[in-house]
Amino acid sequence: MTDPTPAVEQPVLRVRNLVKSYGDVPVLRGVDLDVDEHRVVTLIGASGSGKSTLLRCVDLLEQVDDGQVWLDGQDVTDPRVDADAVRRRIGVVFQAYNLFPHLSVLDNITLAPRRVHGVDRAEAEERAVALLDRIGLAGRARAYPDQLSGGQAQRTAIVRALAVQPRLLLLDEVTSALDPELVGEVLALVREVAEGGMTILMATHEMGFARSAADVVCFLEGGVLLEQGPPEQVLVDPQHERTRQFLRRVVAAGRL
Amino acid sequence: MVPPVSEVEVARRSYRRSRQRRSTWVAVASTLVFAAVLVVGTVSAPGWQRTQESFLDPGVARRALPLVLEGLWLNLRVLVVAAVCVLALGLVVALLRTLRGPVWAPVRLLMTLYTDVFRGMPLIVLLYIIGFGVPGLRLQGVPTDKVVLGATAIILIYSAYVAEVFRAGIESVHPSQRAAARALGLTHRQTTRLVVLPQAVRNVTPPLLNDLVALQKDVGLISVLGAIDAVRQAQILSATTANFTPYIVAAVLFVLLAVPTARLADWATARARRRQQAGGLL
Ligand SMILES: Nc1ncnc2c1ncn2[C@@H]1O[C@H](COP(=O)(O)OP(=O)(O)OP(=O)(O)O)[C@@H](O)[C@H]1O
Ligand SMILES: [Mg+2]
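Note that the structure is predicted; figures quoted are calculated from it, not measured.

Here is what the cut-offs are and how they apply
Residues numbered from 1 in each chain as written. Chains lettered and ligands numbered in written order. Predicted model: local features only at pLDDT ≥ 70, side-chain atom pairs only at ≥ 80, totals over all residues. Heavy atoms only, no water. Pairing = 2+ DSSP bridges. Helix = DSSP H or I, 4+ residues; strand = E, 2+ residues; numbered from the N terminus. Axes fitted to C-alpha atoms, helices over the stretch in contact; angles between N-to-C directions. Contact = heavy atoms within 4.5 Å. Near = heavy atom within 4 Å. Polar contact = N/O pair within 3.5 Å; in protein donor to acceptor, adjacent residues only side chain to side chain. Areas by Shrake-Rupley, 256 points an atom, 1.4 Å probe, with all protein chains shown as cover. Nonpolar A, V, L, I, M, F, W, Y, C, P; charged D, E, K, R; others polar. Patch = residues over 30% accessible without salt bridge, like charges linked within 9 Å, V, L, I, M, F, W, Y side chains within 5 Å. Salt bridge = Lys/Arg side-chain N within 4 Å of Asp/Glu carboxyl O. Buried < 20%, exposed > 50% of the residue type's maximum accessible area, 1.4 Å probe, protein only. Domains from an automatic or database assignment. Buried area = accessible area lost by both parts, 1.4 Å probe. 1 Å grid on protein atoms, 1.4 Å probe; cavity = no way out; pocket = protein on both sides within 12 Å on 5 of 7 lines; lining within 4 Å. Points joined across faces, edges and corners; volume = space filled by probe spheres on them.

(A) Representation of the sheet that holds strand 3 (residues 40-44) of chain A in the model. Residue and element names in this part refer to chain A. Reading across from one edge, 6-7-8-3-9-10 is the order of the 6 strands in this open sheet, with mixed pairing throughout. Bordering the open sheet on either side are strand 6 (90-93) and strand 10 (224-229), each of which pairs with just one other strand. Direction aside, neighbouring strands of the sheet carry axes that sit 15° apart on average. The pairing of strand 6 with strand 7 (residues 168-172) spans 4 bridges and is classified as parallel. Bridge pairing links Gly-91 to Leu-169 in strand 7. Packing of helix 1 (residues 51-58) onto the sheet brings it into contact with strand 3, strand 6, strand 7, strand 8 (200-203) and strand 9 (216-221), and relative to strand 7 it is tilted by some 150°. Against the sheet, helix 6 (residues 180-195) engages strand 3, strand 7 and strand 8, with an angle of about 155° to strand 8.

As structure tokens, then:
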């Protein structure tokens, strides 16, 4: 199969028929997804529905069983592609264990710019401090991750992902390991980053956030994207019974 | 800075202080009683007189001390060289065992074989094999010095242990850390060097220090090859004086050498535990 003809409005990320199993357990059964430039796409779905798996496949942290993923028109699932080079263009923040505990906040942020992108130390640190300043953490540049609150640590992780100016930012439930009062500060940062024009694909359980900040909401169920569209449609007037069931459970859990 | 405290807190603090004083006294008293029982028990043993003469002769001890110290200096030099080599070799073996990819299969196999063989072999046997077997080969360029051969045997055995300690440390680093590093675009090697290894080394510092304590006394085993170290000196002196006191002198010196390292190991363990508890979540 050849690359699709690059349209004028080529999506930053295009996923077609993505299939992934762990052993005998199929997790993704043919996912199709486009993420256009400067858009925020959120993935919702029950726990275990494969949101993390999808993000890990996009970042080539997992090998796909079938299907293709294009980043800026390049088929990154081609085994001849240098996976490290692809990852350099993608920023990722996971749910937990993001920061390196043996490095200070500043060193966490400057590690990739210096070691991967060849930026010299002075410039990398200057940029890192500017980024930290934006999230009000410039004073903690020399602190170690275990001296930060969960929210501060997660915001640092987001800043670290942004420090290399990625084409695409993947966020995997960046707030679900946090106490409720810390969720707000992290989501505020994500919102700010999105308004700055970053292209974002994020898995989240925060329906309120998906509703207000996302351009597209995708509902993942049984290994396929059952429904996708603008948040008003998917979250307010879903077409599928499964989507309605899921949203009812979310409402019952008090998360909408 | 310190805000004035309430009366309740003042009372609580004074109570805690008095409890603290009491605990100190109890500890001192119980130690004294225990020591007294031990001393009295030993001294009143029927053979005490003779034992004291042959093991704790102050005159012999005084004469033995400078010579045993001289021997200990050799042990110390062997220790430093061995410790450095063991750390380096152990780390290399551990890293080679974690290499991935089919090309490295023979290397991985070889390293596994190495750790299996040398962890299983008694040190004393290897000392004999290398100390007496290698010179017997009469190979050109191979050292025949007893000290070098003895140190080689010790390094081979200890490196196998330390390699396993390092490997455990590498495996104890949470896999998400590797994923986070790869996600940042770091290569496999950069990830190992910049993210995994620093954390692994930090995690295994306490067990490594314990191995160092063991190594400190095991360097005394080079005496079986005839190297004139502290133990060998004690052996010679005890033969010439027909008295065991020189051995006691050597033993005390080895123990004194081990105490600082043992304390350091305790301190590192306590610090590691504190840090683990502090940074529990992230
Ligand atoms: N490394 C793995 N090995 C085996 N099975 C796995 C592995 N990772 C994930 N799975 C399984 O794949 C399925 C999807 O997992 P995934 O983490 O993608 O779900 P998720 O949608 O992100 O869930 P959550 O909302 O709880 O984070 C689950 O059933 C999980 O048990
Ligand atoms: Mg997940």
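(B) Fine view of the site of ligand 1. All names here are of chain A. Ligand 1 sits among Tyr-22, Val-27, Ala-46, Ser-47, Gly-48, Ser-49, Gly-50, Lys-51, Ser-52, Thr-53, Glu-173 and His-205. The side chain of Lys-51 places a nitrogen or oxygen atom 2.8 Å from an oxygen atom of ligand 1. Within the side chain of His-205, a nitrogen or oxygen atom sits 3.3 Å from an oxygen atom of ligand 1. Against a free-state accessible area of 630 Å², the protein chains account for coverage of 59% of ligand 1. Here the shell around ligand 1 gets 3 residues from one element, more than from any other, and that element is helix 1. Split into classes, the residues belonging to the shell around ligand 1 amount to 3 nonpolar, 7 polar and 2 charged.

(C) Structural view of a nonpolar patch on the surface. Residue and element names in this part refer to chain B. On the surface, Ile-124, Val-125, Tyr-128, Ile-129 and Phe-132 cluster together to form a nonpolar patch covering roughly 430 Å² of accessible area. Mapped onto the secondary structure, Val-125 falls in helix 5 (residues 123-136). Taking relative accessible area as the criterion, Val-125 reaches 35% and is therefore assigned partly exposed.

(D) Seen up close, the interface of chain A and chain B. On the chain B side, the residues contacting the 25 residues of chain A number 23 residues. Its salt-bridge partner being Asp84(A), residue Arg182(B) comes within 3.0 Å of it at the nearest N-O pair. The tally of links from chain A across to chain B stands at 4 residue pairs in polar contact (both at pLDDT 80 or more). Of all the secondary structure elements, the ones that give two or more residues to the side of chain A that touches chain B are helix 2 (83-87), strand 6, helix 3 (105-115) and helix 5 (150-162) of chain A. Looking at the side of chain A that touches chain B residue by residue, the classes come out as 14 nonpolar, 3 polar and 8 charged.

(E) The arrangement of the domain arrangement of chain A in detail. Residues and elements named next belong to chain A. Assigned domains of chain A: these are domain 1 (10-89 + 169-256) and domain 2 (100-165). Between domain 1 and domain 2, the contact holds 12 residues from the first and 14 residues from the second. Of the roughly 1100 Å² buried where domain 1 meets domain 2, counting both sides, 74% is carbon and sulfur surface. The largest per-residue losses of area from domain 1 upon contact with domain 2 belong to Arg-88, Glu-185 and Leu-189, which jointly make up 41% of the total buried on that side.

(F) Inspection of empty space enclosed by the protein at higher detail. All names here are of chain A. Summed over all chains, the structure comprises 4 cavities of 30 Å³ or more. Taken as a whole, the largest cavity spans an internal volume of roughly 50 Å³. Around the largest cavity sit Ile-109, Thr-110, Pro-113, Ala-124, Arg-127, Ala-128, Leu-131 and Ala-163, which together line it. Put simply, the parts of the chain that give the lining of the largest cavity at least two residues each are helix 3 and helix 4 (121-134). For the lining of the largest cavity, the element with the most residues is helix 4, which contributes 4 residues.

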